[in-house]
Amino acid sequence: MSGLKDRLATLRRQAGIAPPPLMPTQDVRSKLARLLGTRDRSSRRTLDAPVGHAIAPGVYATEQAWASDVFDDIRLPWIDETFARERLVCFDTETTGLSGGVGTKAFMIGWATWRGGQIVARQLYLTAMSGEDAMLREFAASLPNDPVFVSYNGKSYDAPLLKCRYRINRQQHPFDGPLHIDLLHPVRRRYRGVWENCKLKTIERELLGIVRHDDLPGAEAPAAWRDFLQGRSSRNLGRVADHNRQDVLTLTRLLDRLRQVDSC
């Protein structure tokens, strides 16, 4: 057998035919597959691992807390009621599109509440489309008793969108009974025409002195999430989470500032 291989090799050299490429053995191929697979998985986990921790298949959660001395109870001049701060839920969503409609879903829900002497910001976000049902259940279950929702344009956008997603998932949504304070309306009454617009970013800068750095515009959030789902870099998804967290923390400060301004 070896003599036949040698004769074939001699004939190929004489005819100027290149020898066939060496094929790895099954053992070598297995080792290569393990090596390549390990390298691919480790790079994905190192560079693109979701932040936070998994609480259900397809759902991750993050939580951060800061010391807070912002009001114990709050009374707003345009609402004839006093609220304990532990009832307040300052919330915001990041969605797959900005036009709304049945096809639009929230892939991230962020909210800030008071716990003792701290402001606690929590976020839930989807790492798979199948996680929506669990994300919605977790958000509803985490709300305080008798919550008071606080948002910025949430009555027109965030709350209706979430109501729709709860219905699609055959769940009871938490928005019917509780009071919902949309801070866009008192801001417009007081500051319309004072600054170029009443966008939250403008109000942050002009009224609260907050200037964001490396902020990802909300319009780019859907693409950042899709890139993550498709296995690309998660850097921009991290920026979406930062943007969302700042939004809900801004609501806590804006609520306090409007309380002070309108009581003067």
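Model, not experiment: these values are computed from the prediction.

Caption draft 1: Highlighting the overall build of the chain. In terms of regular secondary structure, the chain is built from eight helices and nine strands. Among the 264 residues that make up the chain, the fraction classed as buried is 42%. Look at the contacts in the chain between residues 6 or more apart in sequence, and 69% of them connect residues 24 or more apart. Of the accessible surface of the chain, which amounts to about 14800 Å², a share of 51% is contributed by carbon and sulfur atoms.

Caption draft 2: Molecular detail of helix α5 (residues 184–191). If you check which residues of α5 are buried, you get Leu184, Pro186, Val187 and Tyr191. Around the axis of α5, the buried residues are gathered within 165 degrees of arc, so they sit on the same side. Following α5 by one or two positions, Gly193 has its phi on the positive side, about 90 degrees.

Caption draft 3: Representation of the nonpolar core within the structure. Ranked by size, the top nonpolar core spans 33 residues in total, and within it Leu88, Tyr152, Leu183, Val187, Leu254 and Leu255 carry the most contacts. For this core, the elements supplying multiple residues, two or more each, are β5 (88–95), β6 (106–115), β7 (118–126), β8 (148–151), α5, α6 (200–208) and α8 (235–262). The element that contributes the greatest number of residues to this core is α8, accounting for seven residues. The residues touching Leu88, leaving out its near neighbours within four places in the chain, are Phe71, Ile74, Phe83, Ala112, Thr113, Trp114, Val148, Val150 and Leu255. Counting residues in each nonpolar core, the second largest holds 32 residues, with Val89, Met135, Phe139 and Trp225 among its members.

Caption draft 4: Molecular detail of the packing of aromatic side chains. In the structure shown here, the tally under the stated rule is seven aromatic pairs. Relative to Phe175, the ring of Phe149 has its centre 4.7 Å away and its plane inclined at 35 degrees; by these criteria the two rings are tilted. Taken together, the residues Phe149 in strand β8 and Phe175 in the loop between α4 (158–168) and β9 (180–182) connect sequence positions 26 residues apart. In this pair, the class of Phe149 matches that of Phe175, namely buried.

Caption draft 5: Molecular detail of the layout of surface pockets. In this structure, the largest pocket spans a volume of roughly 900 Å³. For the largest pocket, the lining is made up of 32 residues, of which Tyr152, Lys199, Leu200, His243 and Asp247 are closest to its centre. Ranked by residue count, the leading element in the lining of the largest pocket is β5, at five residues.

Caption draft 6: Just the side chain of Asp158, in detail. Along the chain, Asp158 turns up in helix α4. It is Arg188 that comes nearest to the buried, bridge-free Asp158 among opposite-charge side chains, at 12 Å. Among all residues touching Asp158, those that are not within four sequence positions of it are Phe91, Asp92, Thr93, Tyr152 and Asn153.

Caption draft 7: Structural view of the pairing of β6. Of all ten residues making up β6, nine are buried, and the element is well covered by its neighbours. Inspection of the sheet shows β6 paired to β7 by eight bridges, in the antiparallel sense. Bridge pairing in β7 links Gly110 to Gln123. Between β6 and β7, which follow one another and run antiparallel, lie two residues, and Gly116 among them has a positive phi close to 60 degrees.

Caption draft 8: Spotlight on the pattern of salt bridges. One pass over the structure, following the stated rule, counts 19 salt bridges. Where salt bridges share partners, they join Glu63, Arg115, Arg122 and Glu138 into one cluster.

Caption draft 9: Quick peek at the side chain of Arg212. Relative to the helices and strands, Arg212 is located in the loop between α6 and α7 (221–229). Side-chain polar atoms of Arg212 contact the side chain of Glu204, separated by 2.8 Å. Within the structure, the side chain of Arg212 is placed 3.4 Å from the side chain of Asp215, a separation counted as a polar contact. Beyond its immediate sequence surroundings of up to four residues, Arg212 is in contact with Leu200, Glu204, His243, Gln246, Asp247 and Thr250.

Calculation rules
Residues numbered from 1 in each chain as written. Predicted model: local features only at pLDDT ≥ 70, side-chain atom pairs only at ≥ 80, totals over all residues. Heavy atoms only, no water. Helix = DSSP H or I, 4+ residues; strand = E, 2+ residues; numbered from the N terminus. Buried < 20%, exposed > 50% of the residue type's maximum accessible area, 1.4 Å probe, protein only. Contact = heavy atoms within 4.5 Å. Areas by Shrake-Rupley, 256 points an atom, 1.4 Å probe, with all protein chains shown as cover. Arc of directions from axis to C-beta. Core = buried A, V, L, I, M, F, W, Y, C linked by side-chain atoms within 4.5 Å. Phe/Tyr/Trp six-rings, centres within 6.5 Å; stacked < 30°, edge-to-face > 60°. 1 Å grid on protein atoms, 1.4 Å probe; cavity = no way out; pocket = protein on both sides within 12 Å on 5 of 7 lines; lining within 4 Å. Points joined across faces, edges and corners; volume = space filled by probe spheres on them. Lys, Arg positive; Asp, Glu negative; His and termini not counted. Salt bridge = Lys/Arg side-chain N within 4 Å of Asp/Glu carboxyl O. Pairing = 2+ DSSP bridges. Polar contact = N/O pair within 3.5 Å; in protein donor to acceptor, adjacent residues only side chain to side chain.

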